Amino acid sequence: MTIRALPVPPTDPQVDDWWAVLVAAAAADLPRLPAPSRLEVAGRLCVAPARGRAALWAADGAQGVAGLLLFTDEANRHTAYLDVLTVRPDARRRGIGTALWQQVREELLAQGRTSVGAVVDLGGPGQAFAQSLGFENVLPMAWYVQDVPRHEDRGAPAPATPGYELHAWHGLVPDDWADAVAKAHGAMEDAPTGGLDEKTESWTAERLHAAHRLVLDRGGELTTVAAVTASGEVAAYTELVLPDPGGARALQYDTVVVPAHRGHGLGRAVKLRMLELAARRHPALRQIATTVADENTPMRAVNEALGYRRERGAAYYQLKL
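Described below are features of the structure shown in this document.

Conventions adopted
- Counting restarts for each chain, with residues numbered from 1 along the sequence as it is written.
- With the structure being a predicted model, the display of local features is reserved for residues of pLDDT at least 70 and the display and counting of side-chain atom pairs for 80 or more, all residues being used for whole-chain, interface and lining totals.
- Where side-chain values are given, they derive from all heavy atoms of the structure, hydrogens and water being excluded.
- Strands here are runs of E lasting at least two residues and helices are runs of H or I lasting at least four, both read from the DSSP assignment and numbered beginning at the N terminus.
- Radius of gyration: over C-alpha atoms. The globule rule applied is 2.2 Å multiplied by the number of residues raised to the 0.38 power.
- Partly exposed residues are those whose accessible area sits between 20% and 50% of the maximum for their type, while under 20% is buried and over 50% is exposed, using a 1.4 Å probe and protein chains only.
- We call two residues contacting when some pair of their heavy atoms lies within 4.5 Å.
- By the criterion applied in these results, polar contacts are pairs of N or O atoms within 3.5 Å in which, for protein atoms, one can donate a hydrogen and the other can accept it, and in which residues neighboring in sequence qualify only through two side-chain atoms.
- At least two DSSP bridges between two strands are needed for those strands to be called paired.
- Nonpolar core, defined: a set of buried Ala, Val, Leu, Ile, Met, Phe, Trp, Tyr and Cys residues in which side-chain atoms within 4.5 Å join the residues together.
- Between the rings of Phe, Tyr and Trp (Trp by its six-membered ring), a pair exists once the centres lie within 6.5 Å; its type follows the angle of the planes, with under 30 degrees stacked, over 60 edge-to-face, and the other angles tilted.
- Only Lys NZ and Arg CZ are tested; either one counts as a charge over a ring when it is within 6 Å of the ring centre and within 35 degrees of the ring normal.

Our focus in this paragraph is the overall build of the chain. Of regular secondary structure, the chain possesses 8 helices and 12 strands. Taking 20 Å as the expected radius of gyration for a compact globule of 321 residues, we find that the chain reaches 20 Å, a close match to that expectation. For the chain, the spread of C-alpha atoms along the principal axes amounts to about 65 × 45 × 35 Å. In the chain, which comprises 321 residues, the proportion classed as buried is 47%.

Take a look at the structure:
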């Protein structure tokens, strides 16, 4: 068995091999979920991340893959994110995962990283493997999923909240709103982060556009819905991402309500409008999934009221090197 580093971006055959590993693993570990599409996988492998540098490895014969994100912002040069470490089900328990991890670990140490994090599904092989390496659960969370209503099941449009207007933007947030959305994003600083070693960066219009452009450059679609005041302040917003525009499952990204505007139902309002838009704009869409930290009681209550149900447990695991 040989573990080799892949070029970034990888070749088309290397993308095909990587995709095959993820599809096989998903069929065994998460059989009720749709497998990742090739468009989604190719986008993540071939378009450089906005926040760092990617490093990729594969085991010969498309038996397993590992991908690492080395943060390059000054506040997080000490840490990294293990985006994927997966072995085909028929090749497990042969030391392939351990061999991939050794390559990842050597790169982390060579780059002077003192910690690494990863999001892990609970109850599966990923959790057992992470714990065997010394990773610890520093932020318990769960995946929640909401069904997208079919046309005949859609109710009346969500009512507006008095004193606020709802704006929606497909793709990049317009330049004249980007500063206001970035400022609102600062309200995420009070979201639960457990014992994460990764530091929160300040959001600017440039960083917002870079994050959104990454979704688009990777072939996905993005919609932002914001509740704004008469003075032009963004009081709340939510983001929906389709990694594959033709896929059946979308991801709810950040949902933020600025502290001064909490208690007016704005989180519910922007999510309801998002659901309406998604149902009309993406006829193949069937579900919207999101993660919420266990201790984020207010957001879990909002999601429950909107019909989200708990799908599976997950956690942010972290290892100090």
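With respect to the helices, strands and loops of the structure, T238 is situated in strand β9 (residues 234–242). C-alpha of T238 to C-alpha of V257: the two residues are 19 residues apart in sequence and 8.9 Å apart in space. The residues contacting T238, other than those within four sequence positions of it, are T223, T224, V225, Q252, D254, T255, V270, K271 and M274. Within the structure, T238 has its side chain in polar contact with the side chain of Q252 (distance 2.4 Å).

Our focus in this paragraph is the pairing of strand β5 (residues 115–121). With respect to burial, β5 is a largely interior element, 5 of its 7 residues being buried. Across 7 bridges, β5 lies against strand β12 (residues 309–320) in antiparallel orientation. Considered in β12, the bridge of A118 is made with Y317.

This part covers the nonpolar core. In terms of nonpolar packing, the biggest core is built from 27 residues, with A227, L240 and I288 touching the most fellow members. Counting only elements with at least two residues in this core, the list comes to β6 (136–147), β8 (221–228), β9, β10 (249–257), α7 (266–281) and β11 (287–293). In terms of residue count, α7 provides more of this core than any other element does, 8 residues in total. Those residues in contact with L240 that lie beyond four places of it in its chain are E221, L222, T223, A250, L251, Q252, M274, A278 and I288. Residues L70, L82, V104 and V120 belong to the second largest nonpolar core, which totals 25 residues.

The next subject is the packing of aromatic side chains. Enumeration over the complete set of coordinates arrives at 3 aromatic pairs. Centroid distance Y81 to Y316: 6.1 Å. Interplanar angle 40°. Geometry classified as tilted. Linking Y81 in strand β4 (residues 80–87) with Y316 in strand β12, this pair joins segments that are 235 residues apart in sequence. Taken together, a centroid distance of 5.7 Å and an interplanar angle of 40° make the contact between W169 and W177 tilted. Across the pair, exposure class does not vary: W169 and W177 are buried alike. Against the face of W203 rests R207, its NZ or CZ located 3.9 Å from the ring centre.

Distances and angles like these do not, on their own, reveal function.
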